[in-house]
Amino acid sequence: MAEYDETRLASDIEDGLREIGSFDMTCPEEYVDWVRSIGRRVGRELGWKIQTVRSAVAVNGKVRVVIVVKESNPLHQQLIRIREQKAMRRAMERLADD
């Protein structure tokens, strides 16, 4: 893919997994295996269990690839739970303001 080399994609995947517990991108079908492979490698390097899934091919030939942390270390899992709770609290506050 023109906008990604392997190092940059691995870095972006790692950032997503660390920050929000997932990474997703839309790419041409011929790059799906490459993206999933890099995602699995990043998961192994972090020592985390991850899962990669893909959508069906869209009319435009694009596929959405999602990489999700299934199991990490306890500190990371706690951080993700806290971030999820904060996001839910902000969403509820926005609903209450409407």
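What counts, and where the lines are drawn
- Residues numbered from 1 in each chain as written.
- Predicted model: local features only at pLDDT ≥ 70, side-chain atom pairs only at ≥ 80, totals over all residues.
- Heavy atoms only, no water.
- Pairing = 2+ DSSP bridges.
- Helix = DSSP H or I, 4+ residues; strand = E, 2+ residues; numbered from the N terminus.
- Axes fitted to C-alpha atoms, helices over the stretch in contact; angles between N-to-C directions.
- Expected span 1.5 Å × (residues − 1).
- Buried < 20%, exposed > 50% of the residue type's maximum accessible area, 1.4 Å probe, protein only.
- Arc of directions from axis to C-beta.
- Contact = heavy atoms within 4.5 Å.
- Core = buried A, V, L, I, M, F, W, Y, C linked by side-chain atoms within 4.5 Å.
- Salt bridge = Lys/Arg side-chain N within 4 Å of Asp/Glu carboxyl O.

## Observations regarding the sheet that holds strand S3 (residues 62-71)
Here is step 1 of the chain: The sheet built from three strands is open, its strands ordered S1-S3-S2 with antiparallel pairing. Sheet topology places strand S1 (22-28) and strand S2 (49-54) at the edges, where each strand pairs with a single neighbour. In this sheet, adjacent strand axes meet at a mean angle of 20 degrees when their direction is disregarded.
Here is step 2 of the chain: Both S1 and S3 contribute to a ladder of seven bridges, which runs antiparallel. The residue of S3 that forms the bridge with Asp 24 is Val 66.

## Quick word on helix H2 (residues 32-46)
Here is step 1 of the chain: Its 15 residues give H2 an end-to-end C-alpha distance of 21 Å, which sits within 8% of 21 Å, the value for a rise of 1.5 Å per residue.
Here is step 2 of the chain: Three or more residues of H2 are buried, namely Val 32, Val 35, Ile 38, Gly 39, Val 42, Gly 43 and Leu 46. Looking straight down H2, one finds that the buried residues subtend no more than 140 degrees of arc, so they occupy a single side. Exposed positions of H2 whose direction lies more than 90 degrees from the buried face are Asp 33, Arg 44 and Glu 45.
Here is step 3 of the chain: Those residues of H2 hidden inside the fold are in contact with helix H1 (6-20), S1, S2 and S3.
Here is step 4 of the chain: Gly 47 occupies a position one or two residues after H2 and carries a positive phi of about 80 degrees.

## Overview of the environment of Asp 33
Here is step 1 of the chain: Counting through the fold element by element, Asp 33 comes out in helix H2.
Here is step 2 of the chain: Each C-alpha atom of the pair Asp 33 and Arg 94 lies 39 Å from the other, and the pair is 61 residues apart in sequence.

## Structural notes on the nonpolar core
Here is step 1 of the chain: If you look at the biggest cluster of nonpolar residues, it comprises 18 residues, and the most contacted ones within it are Leu 9, Ile 13 and Leu 17.
Here is step 2 of the chain: Of all elements in the fold, only H1, S1, H2 and S3 reach the threshold of two or more residues within this core.
Here is step 3 of the chain: The leading source of residues in this core is H2, at five residues.
Here is step 4 of the chain: Setting aside its immediate chain neighbours within four residues, Leu 17 contacts Ser 22, Phe 23, Val 42, Leu 46, Trp 48, Ile 50, Ile 67, Val 69 and His 76.

## Re H1
Here is step 1 of the chain: In this model, H1 (15 residues) spans 21 Å end to end at C-alpha, consistent with the 21 Å of a helix rising 1.5 Å per residue.
Here is step 2 of the chain: Within H1, burial applies to Leu 9, Ala 10, Ile 13, Gly 16 and Leu 17. Angular distribution of buried residues about the axis of H1 spans 130 degrees; they occupy a single face of the element.
Here is step 3 of the chain: Tucked inside the fold, the buried residues of H1 contact S1, H2, S2, S3 and helix H3 (74-97).

## Thoughts on the pattern of salt bridges
Here is step 1 of the chain: Here the structure, examined in full by the defined rule, presents seven salt bridges.
Here is step 2 of the chain: Between Glu 14 and Arg 18 there is a salt bridge whose closest N-O contact spans 2.9 Å. Taken together, the residues Glu 14 and Arg 18, both in helix H1 and four residues apart, mark about one turn of the helix.
Here is step 3 of the chain: On the accessibility criterion, Glu 14 (26% relative accessible area) is partly exposed.
Here is step 4 of the chain: For the salt bridge of Asp 24 with Arg 64, the shortest nitrogen-to-oxygen distance reads 3.1 Å. Within this pair, whereas Asp 24 is found in strand S1, its partner Arg 64 is found in strand S3, the two being separated by 40 residues in sequence.
Here is step 5 of the chain: Residue Asp 24 is classed as partly exposed on the basis of its relative accessible area of 38%.
Here is step 6 of the chain: Here Arg 64 falls in the partly exposed class, since its relative accessible area comes to 43%.
Here is step 7 of the chain: Through salt bridges with shared partners, a single ionic network connects Glu 6, Arg 41 and Glu 45.

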